[in-house]
Amino acid sequence: MKYVSTRGQAPDLTFEEAMLTGLARDGGLYVPAEVPVMAANDIAALAGLPYEEVAFRVMRPFIGDSFTDDEFRAIIARAYEGFGHAARAPLVQLGPGHFLLELFHGPTLAFKDFAMQLIGQLFQAALERSGQRVTIVGATSGDTGSAAIEAFRGLDAVDVFILYPHGRVSEVQRRQMTTPAESNVHALAIDGHFDDAQARVKDMFNDFDFRDGVRLAGVNSINWARVLAQVVYYFASAVELGAPHRKVSFTVPTGNFGDIFAGYIARKMGLPIDRLVVATNQNDILHRCLSTSEYMPDGVIPSISPSMDIQVSSNFERALFDAYGRDGKAVAQLMDELKSGGFRVSQGALQALREHFDSGRCDEDETRATIKRLQATTGELLCPHSAVGVKVAEENLKPGVPMITLATAHPAKFPAAVEEAAGIHPPLPPRMADLYDRDERVTRVPNDLAAIETLIRERIAK
Ligand SMILES: Cc1ncc(COP(=O)(O)O)c(C=O)c1O
Ligand SMILES: N[C@@H](CCOP(=O)(O)O)C(=O)O
């Protein structure tokens, strides 16, 4: 199994190489050269299996010989043993034909744990084997950072630096990143918004002296292994509702396009997905692009679903690569245009995107109203991101095709917004009850590449 860059100018890599590399050296993102297809009877055979076994069967073809079957099974078992629900990703019915996939039972209460717990184990196994050390950098609007810190804290072979936008994450998210005491964890609060943090991370990957000097690795969804781990719950939930004998649709609260791209991969693998619906908050660049073909970032507006406050959506590049017939040059051209303001997707590529994706937008009042209404009618207390998904899903229900909305975070990560909307304060699980009493450790950094690189070099030299 080989991985190729979306910009066509970087060397092809194995799964393990792509995982440890993060961003391709031409600035692109790695994708499988070919997506393996699962036969309908192999999909049907997933019914009733434990989540871990579904994970093994779905991901195995992408791993090549990077890990043996026994190693990979053991890694998967360790990754999910700390989840607070036996089903890992339970499905709850919200109404006729509408289901919620609860992805927030992992250690940091967001869907990121599904991938991050797995790649924490994969990195550890690969680094032990090679005896190497790496410096992980990540940008976060709140959830990737806490999940990465939880997965990598205390690991000898890794220093982990997480850039989050100062003042723009929830207090629970911030404390999850700033309270771990392990010395290999470094929370950095950047002056700017998420897009700035993500741009600086990509700049570090494109600065080869720095990249090679500190052995840079990435854990954002630029890392293919992140996306792959998320493909699994599309299979697990669709099979629970009757796939492959029946089609299902998914609505996905979307920001960086990683989670919904995982659904797109599941569809390419043969899972009968009818529609993949992109749900955005008021930072609706993806909805606008799919509606009008124009991709023009116009500034991030802070919202009550802060993890989706993104205008430069990293994984959209992977979807564009396919939509442009895997033409790396065309993608590189679009990304150059993005640097100078934005781009317009060609009619052919737009049509290709619309074959898979629908989209919708949910504003702040609608988000609050959805949290309140769902709590009153179903008893389900949604986080604001999941509420965005539910509202957009309701507008896209189709008779005869079950809709699964991804619930991407636990309401307790966003207690202020949830309480304002529903009048209920969602408590943290008991294991996190002392989160507000723990000491915080964070470094404020300017939105300046050289300053951030200097700080990282100094910290890892200690
Ligand atoms: C709670 C939550 N919902 C939705 C999203 C959007 O997911 P993606 O960036 O994969 O589109 C994020 C951030 O990634 C998130 O943290
Ligand atoms: N919403 C994310 C943003 C980063 O996304 P990623 O999936 O590319 O890591 C967050 O919570 O940090």
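Residues numbered from 1 in each chain as written. Chains lettered and ligands numbered in written order. Predicted model: local features only at pLDDT ≥ 70, side-chain atom pairs only at ≥ 80, totals over all residues.

K.L.:
Any chance you could explain the site of ligand 2 here in plain terms?
P.N.:
Lining the immediate environment of ligand 2, one finds 13 residues, of which Thr140, Asp143, Thr144, Asn220 and Ser221 sit closest. Top element by residues in the shell around ligand 2 is helix 6 (residues 143–152). It accounts for three residues. A breakdown of the residues in the shell around ligand 2 according to their chemical character gives no nonpolar, twelve polar and one charged. (Near = placed C-beta within 6 Å. Helix = DSSP H or I, 4+ residues; strand = E, 2+ residues; numbered from the N terminus. Nonpolar A, V, L, I, M, F, W, Y, C, P; charged D, E, K, R; others polar.)

K.L.:
Please clarify how the confidence of the model for the chain should be interpreted in this entry.
P.N.:
This prediction gives the chain a mean pLDDT of 97; 100% of its residues lie at or above 70. What the predictor reports for the complex is a pTM of 0.98 with an ipTM of 0.99. (pLDDT = per-residue confidence, 0-100.)

K.L.:
Please clarify how the pairing of strand 6 (residues 158–165) should be interpreted in this entry.
P.N.:
Side-chain direction in a regular strand flips from residue to residue, so the side chains alternate between the two faces of the sheet. Most of strand 6 sits inside the fold, with eight of its eight residues counted as buried. Residue alternation in strand 6 divides its side chains into two sets, Val158, Val160, Ile162 and Tyr164 and Asp159, Phe161, Leu163 and Pro165, and both sets are buried. Of the strand pairs in this sheet, strand 5 (residues 134–139) and strand 6 are connected by six bridges, and their pairing is parallel. Within strand 6, the position partnered with Val137 by the bridge is Phe161. In this view, the connection linking strand 5 to its parallel neighbour strand 6 by way of helix 6 has right-handed handedness. For strand 6 and strand 7 (residues 185–190), the ladder comprises six bridges, and the chain directions are parallel. Bridge pairing links Pro165 to Ile190 in strand 7. (Buried ≥ 20, exposed ≤ 12 C-beta atoms within 10 Å, placed from the backbone. Pairing = 2+ DSSP bridges. Right-handed = clockwise from strand over helix to strand, strands pointing away.)

K.L.:
Quick question: what am I supposed to make of the sheet that holds strand 4 (residues 98–102) here?
P.N.:
Sheet strands line up and pair through hydrogen bonds in the backbone, either parallel or antiparallel. What the six strands build is an open sheet, ordered 3-4-14-9-10-13; its pairing is mixed. Looking at the sheet topology across the chains shown, the edges are occupied by strand 3 (91–95) and strand 13 (357–361). Strand-to-strand, the axes of this sheet are offset by a mean angle of 25°, without reference to chain direction. Here four bridges tie strand 3 to strand 4, and the two strands are oriented antiparallel to one another. (Axes fitted to C-alpha atoms, helices over the stretch in contact; angles between N-to-C directions.)

K.L.:
Sorry, what's going on with helix 12 (residues 285–292) here?
P.N.:
In an α-helix, one turn spans 3.6 residues; hence positions three or four apart end up facing the same way. What helix 12 keeps buried is the set Ile285, Leu286, His287, Cys289 and Leu290. Immediately downstream of helix 12, the backbone of Ser293 shows phi near 85°, a positive value.

K.L.:
Sorry if this is basic, but what is going on with the nonpolar core here?
P.N.:
What tends to happen in soluble globular proteins is that the nonpolar side chains get buried as a cluster. Ranked by size, the top nonpolar core spans 153 residues in total, and within it Ile119, Ile136, Ala148, Ile162 and Phe235 carry the most contacts. In terms of residues, this core owes the most to one element, helix 10 (residues 224–240), which gives 13 residues. Setting aside residues no more than four positions away along its own chain, Phe235 makes contact with Leu46, Val54, Val58, Ala266 and Leu271. (Core = buried A, V, L, I, M, F, W, Y, C linked by C-beta atoms within 7 Å. Contact = placed C-beta atoms within 7 Å.)

K.L.:
What is the right way to read the packing of helix 3 (residues 51–63) against helix 4 (residues 69–80) from this model?
P.N.:
In helix packing, the relevant descriptors are the interaxial angle and the interaxial distance, both defined with respect to the helix axes. It is the contact of helix 3 with helix 4, at a shortest axis distance of 10 Å, that shows an interaxial angle of 130°. Taken together, the axis directions place helix 3 and helix 4 in an arrangement best described as oblique. As helix 3 runs across helix 4, the sense of the crossing is right-handed. Facing Tyr51, Glu52, Ala55, Phe56, Arg60 and Ile63 of helix 3, the residues of helix 4 in contact are Phe72, Arg73, Ile76, Ala77 and Tyr80. In terms of residue class, the contact of helix 3 with helix 4 is built from eight nonpolar, no polar and three charged. (Parallel < 35°, antiparallel > 145°, perpendicular 65-115°, else oblique. Left-handed = near helix turned anticlockwise from the far one by under 90°.)

K.L.:
Can you help me understand the UniProt feature "modified residue: N6-(pyridoxal phosphate)lysine" (unreviewed entry) in the chain in this one?
P.N.:
Residues given the UniProt feature "modified residue: N6-(pyridoxal phosphate)lysine" (unreviewed entry) here are Lys112. Counting through the fold element by element, Lys112 comes out in helix 5 (residues 112–130). Here Lys112 falls in the buried class, since 32 other C-beta atoms lie within 10 Å of it. (UniProt positions renumbered as here; feature names shortened; annotations may be inferred.)

K.L.:
Even after reading the chapter, I still don't get the sheet that holds strand 6, so can you show me in this structure?
P.N.:
Strand order in the open sheet formed by five strands is 8-5-6-7-15, with parallel pairing between adjacent strands. The open sheet has two edge strands with one neighbour each: strand 8 (216–218) and strand 15 (443–445). Direction aside, the axes of adjacent strands within the sheet are offset by 30° on average. The sheet contact formed by strand 5 and strand 8 spans three bridges and is parallel. Bridge pairing in strand 8 places Val137 opposite Gly218.

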